[in-house]
Amino acid sequence: MSGGGGGRAPRAGVGLRRRRRRAGRDVFGTLILAVAAVTVLVPFAAVFLAAIQPTDTLVPTLSWPKEPHWENFAEAWTSARFGALMRSSAVIALGVVPIAGLCATLAGYALAVLKLPASGLLFALFVAGLALPYEAIVIPLYFDLKPFGILNTYWAVILPLVGAFMPFGIAWMRAHFQSIPVSISEAAQIDGAGPLATFFRVMLPTARPALTTLGLLYFLWAWNQFLLALILIRDPARRTAPTGLGTFVQQYGQNVPLLCAGTLLIITPVVLLFLFFQRHFISGLLQGAVK
Amino acid sequence: MTTAPVATGVRRVSLRDAAGAAGGRRPPSPGRRRPEGATASEVGRARRKAVGIGLGFLAPAAAFYLLFVILPWLHSIQISFYDWDGVGEGTWAGLRNYAKVFSEPALVDALTNAVGFILFYTVVPVLLGLILAQIIAARRRRGEGVLRTILFLPQILPLVAVGTVFRYLYGQDGPINQVLTWIGLGGAKRAWLGDFSTAYVAVGIVGTWVTTGLCTVLMLAGIQKIDPELYEAARLDGAGKAAEFRYITAPGLRREVVVASMITMVSALASFDVVYATTMGGPGSVTMVPGVMIYQLVFMANRVGVACALATVLSAFTLCLVAALNRLGRER
């Protein structure tokens, strides 16, 4: 917006003054953006500095230690069991992603393309779930899953998460299939493809980018899930990374270097995924919301 | 409306129209045009087959959703009308649990605190997002991508980890107090999360830290969708920056503001992770939120009925709020 105006030819003095004012605004803007970026990054820097202090440090300072204790990360991985915690999270996330992705794709296709009675109403029922807090379902899940013997197993989190992830996934995949021109599936049908062949051979291949985004978001949300994992897996041996961290912080909050090392360990996978696939994450979270 | 597919052509059309009216735009149906040479009954059979396949496609998702979301939710509502300790038989309590939700101080605090967090999770981030997005959009320079990545980062982190980080930052001897000492404000040092007067704001700021980036990126995308010619025209008419914002940017971003509010309000009302990792609701119940309260009611106090009543109030409130916002976003 401040980039325009070059075409006009005001008197020299006015132009100079305006340019100077614009430069001032630019510096001010840069400053604000720099402050915003630093505000996001500084907490990580502080945590990183704390993570490489000697583990007997009671009060880590904001300074580079004389000798960085890189072995804190290894210790957090093994003796503080963050490796095992992350394995649990990985099992759950990798269980949720294919099941939820498949269900959401099929249902999204059904609601977008196949002629279902009352598909609008069905869709509204699914979408309502987007606003339902986990608090509303976690207590009955705890008591109702007990008799089936899946409480304290990974399934106790995988199955409810697949259900809870349906609203977003169905809305996402439905929007994708609606964006595919009807003429494409019509052409397939005229060529003699039945509804199943049309889906698997023609429509499914178009869904690859949308599915990639969905899979990444599902992985992220499953990895980060806290409330369900905390309540439905109470067995310390199967704790996930977030719930492990949550209990660690309550019990060993004083061992700041190890706690900080563990924190950095459990955020590493999602940060790496985000950095590699940020376009997917940002567009998924923004468009998914707007649609 | 979810009855079995109907056989007669007339009814089928009316059903489909009803569904179309409920669901908004749908593409013209490929089956409506009859392939040459096909008889009416063949078309009907094909369409019934398509409906069958459609229901088959929908079934797995519907089953998961029904079994693990809808039924638990309904069960939670049912439990909320009973006195139940989680082990034996429950006894009918009528609306007594709801009366407690609105009268017991800790429970009332949990709800009002969650609503108050909307200021930190929604209002401040949306305003900050508007400002930051304006600045970024006005520059269109190198670094926009990197900036967006950095600002968006908090949004993808596990919130427990964020809480843990801030618990360290806010600590009695933590970095914030160290910086205060360095710059000569050692007198202001305190345990920010343990102090009755600062804990709530301190926890709220964590929420602002998390959601501001999302709001900024959302607003930025919205601004970049606004037709630049509108600004050209406004400038030719002699409109100032304030008028530009008032008449072009703000109306153009209406939808983005509503969406950002919706997402962040839902997370404000369900702010469990951050509070669990930082304060557990303390000191007293200054930072208590429904999630932590529910956890304590179920696992420490064995008051499952009251916990379910609180959860039901929370979910009803969230659903109403989202529905209202949704309507606001549709109106023009």
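Residues numbered from 1 in each chain as written. Chains lettered and ligands numbered in written order. Predicted model: local features only at pLDDT ≥ 70, side-chain atom pairs only at ≥ 80, totals over all residues. Heavy atoms only, no water.

**Describing the overall build of chain A**
Selection rule: Labels follow the DSSP assignment, with helices taken as runs of H or I lasting at least four residues and strands as runs of E lasting at least two, numbered in each case from the N terminus. To sort residues, take the accessible area from a 1.4 Å probe on protein chains only and compare it with the maximum for the residue type: under 20% means buried, over 50% means exposed, and anything in between is partly exposed. With residues, only the protein chains shown are counted as cover, and all accessible areas are computed by Shrake-Rupley using a 1.4 Å probe.
A count of helices and strands for chain A gives 13 helices and 0 strands. Listed by position from the N terminus, the elements making up chain A come as α-α-α-α-α-α-α-α-α-α-α-α-α. In chain A, which comprises 291 residues, the share counted as buried stands at 53%. As displayed, chain A offers around 12700 Å² of accessible surface, 66% of which is attributable to carbon and sulfur atoms.

**Focus: the overall build of chain B**
Cut-off, in case you're wondering: Whether two residues are in contact is decided by their heavy atoms: any pair within 4.5 Å suffices.
Regarding its fold elements, chain B presents 14 helices and 2 strands. Across the 332 residues that make up chain B, the buried fraction comes to 49%. Of all intrachain contacts in chain B linking residues separated by at least 6 positions in sequence, the fraction that spans at least 24 positions is 66%.

**Concerning the interface of chain B and chain A**
Keep this limit in mind: Once two parts are brought into contact, the accessible area they lose, counted with a 1.4 Å probe and summed over both, makes up the buried area. Any carboxyl oxygen of Asp or Glu within 4 Å of a side-chain nitrogen of Lys or Arg constitutes a salt bridge here. For the purposes of these results, a polar contact is taken to be a pair of N or O atoms within 3.5 Å, where, inside protein, one atom must be able to donate a hydrogen and its partner to accept one; residues adjacent in sequence count only when each atom of the pair is a side-chain atom. Any residue outside Ala, Val, Leu, Ile, Met, Phe, Trp, Tyr, Cys, Pro, Asp, Glu, Lys and Arg is labelled polar, Gly included; the first ten of those are nonpolar and the last four are charged.
If you look at the interface, chain B gives 102 residues, while chain A gives 105 residues. Of the roughly 9200 Å² buried between chain B and chain A on both sides combined, carbon and sulfur atoms contribute 77%. Run the count over chain B and chain A and you get 0 salt bridges. At the junction of chain B with chain A, the criterion picks out 7 residue pairs in polar contact (both at pLDDT 80 or more). For the side of chain B that touches chain A, the class distribution of residues is 71 nonpolar, 16 polar and 15 charged.

**Quick word on a nonpolar patch on the surface**
Just so we agree on the cut-off: Each patch is built from residues lacking any salt bridge and having more than 30% relative accessible area; the joining distance is 9 Å for like charges and 5 Å for nonpolar side chains (Val, Leu, Ile, Met, Phe, Trp, Tyr).
A grouping of B:L66, B:L67, B:L71 and B:L74 is seen on the molecular surface, where their side chains present a nonpolar patch of about 370 Å² in accessible area. With respect to the helices and strands, the residue B:L71 is situated in helix α2 (residues 40-79).

**Considerations on the packing of aromatic side chains**
As a reminder, the rule being used: Between 30 and 60 degrees the pair is tilted, below 30 it is stacked and above 60 it is edge-to-face, where a pair is any two Phe, Tyr or Trp rings, Trp via its six-membered ring, whose centres lie within 6.5 Å. In this scheme, the term charge over a ring applies when either NZ of a lysine or CZ of an arginine sits within 6 Å of the ring centre and within 35 degrees of the ring normal.
The tally for this structure, following the rule as stated, stands at 38 aromatic pairs over all chains. Aromatic side chains A:Y142 and A:F143 sit 5.1 Å apart centroid to centroid with 80° between the ring planes, which places their arrangement in the edge-to-face category. With a centroid separation of 5.0 Å and an interplanar angle of 90°, the aromatic rings of A:F168 and A:W221 are classed as edge-to-face. Placement of A:F168 in helix α6 (residues 155-179) and of A:W221 in helix α9 (residues 208-224) is noted, with a sequence separation of 53 residues between them. An aromatic cluster of three or more residues is present, and its members are A:Y142, A:F143, A:F226, B:W84, B:F272, B:Y276, B:Y295 and B:F299. A cation over an aromatic ring shows up here: A:R174 above the ring of A:F123, its NZ or CZ 3.6 Å from the ring centre.

**Some thoughts on the packing of helix α6 (residues 159-170) of chain B against helix α8 (residues 199-225) of chain B**
Residue and element names in this part refer to chain B. To keep it simple, the criterion reads: To obtain an axis, a line is fitted to C-alpha atoms, over the contacting stretch when the element is a helix, and the angle between two such axes runs from 0 to 180 degrees between their N-to-C directions. Should an angle lie under 35 degrees it is considered roughly parallel, over 145 roughly antiparallel, and from 65 to 115 roughly perpendicular; all remaining angles are considered oblique. In this scheme, a crossing is called left-handed if the near helix is turned counterclockwise away from the far one by less than a right angle; it is called right-handed if the turn is clockwise.
As a packed pair, α6 and α8 sit with axes 11 Å apart at the nearest point and diverge in direction by 130°. Taken as axis vectors, α6 and α8 run oblique relative to one another. In this structure, the crossing between α6 and α8 has a hand that is right-handed. Here L159, V162, F166 and Y170 of α6 lie close against α8, whose contacting residues are A202, I205, V206, W209 and V210. Grouping the amino acids of the contact of α6 with α8 by side-chain chemistry returns 9 nonpolar, no polar and no charged.

**Focus on unusual backbone geometry**
Residue and element names in this part refer to chain B. For the peptide bond that leads from G282 to P283, omega is -10°, which places it in the cis range. The residue P283 is located in the loop between α12 (273-278) and α13 (290-299) in this model. The backbone of M280 sits at a positive phi, close to 60°, despite the residue not being glycine. Note on placement: M280 falls in the loop between α12 and α13.

**Describing helix α9 (residues 228-236) of chain B**
The N-cap of α9(B), judged by a side-chain oxygen 3.0 Å from the amide nitrogen of B:E229 a few residues on, is B:D227. Trailing α9(B) by a residue or two, B:G238 shows a phi angle of about 80°, which is positive.

**Brief notes about helix α10 (residues 241-252) of chain B**
All names here are of chain B. Using the following cut-off: Comment: arc refers to directions from the helix axis out to C-beta atoms.
Taken together, the buried positions of α10 are E244, I248 and T249. One face of α10 carries all of its buried residues, which in axial projection span an arc of 85°. Opposite its buried face, α10 presents the exposed residues A242, R246 and Y247, each directed more than 90 degrees away. Packing partners of the buried residues in α10 comprise α4 (105-139), α8 and α9.

**Some details on the pattern of salt bridges**
Between side chains of opposite charge, a pair can form as their charged atoms come close. All names here are of chain A. If you walk through the whole model with that rule in mind, you get 7 salt bridges over all chains. With its nearest N and O atoms 3.2 Å apart, the salt bridge here joins D235 to R238. Residue classification places D235 among the partly exposed residues on the basis of a relative accessible area of 23%. Residue R238 is classed as partly exposed on the basis of its relative accessible area of 32%.

**Concerning the confidence of the model for chain B**
All names here are of chain B. Defined as follows: For every residue, the predictor reports its confidence as pLDDT, a number between 0 and 100.
Per-residue pLDDT for chain B averages 84, and the proportion of residues at 70 or more is 86%. Across chain B, the element-wise mean pLDDT spans from 36 in helix α1 (residues 9-23) up to 95 in helix α3 (residues 96-101). A low-confidence stretch, residues 1-34 stays under pLDDT 50, and its non-local contacts, those more than four residues away or across chains, total 47 contacts.

**Remarks on the packing of helix α11 (residues 241-252) of chain A against α6(B)**
At their nearest, the axes of α11(A) and α6(B) sit 9 Å apart, and the two run at 25° to each other. In terms of orientation, α11(A) and α6(B) fall into the roughly parallel class. Helix-helix and strand crossings are classified by hand; for α11(A) and α6(B) the assignment is left-handed. Of the residues in α6(B), those touching α11(A) at A:P242, A:L245, A:G246 and A:V249 are B:V160, B:A161, B:T164 and B:R167. Split by residue class, the contact of α11(A) with α6(B) holds 5 nonpolar, 2 polar and 1 charged.

**Some thoughts on the side chain of B:T164**
Structurally, B:T164 is set in helix α6. We classify B:T164 as buried; its relative accessible area is 3%. Of the polar contacts made by the side chain of B:T164, one reaches the backbone oxygen of B:V160; its length is 2.7 Å. Discounting residues that sit within four places of it in the chain, B:T164 has contacts with A:L245, A:V249, A:L259, A:T263 and B:A277.

**Quick word on the side chain of A:S88**
Within the secondary structure layout, A:S88 lies in helix α3 (residues 82-112). For A:S88, the side chain forms a polar contact with the main-chain oxygen of A:R239, separated by 3.1 Å.

**A word on the environment of B:I223**
Examined against the element boundaries, B:I223 turns out to sit in helix α8. Taking the C-alpha atoms as reference points, B:I223 and B:Q134, 89 residues apart in sequence, are found 7.7 Å from one another.

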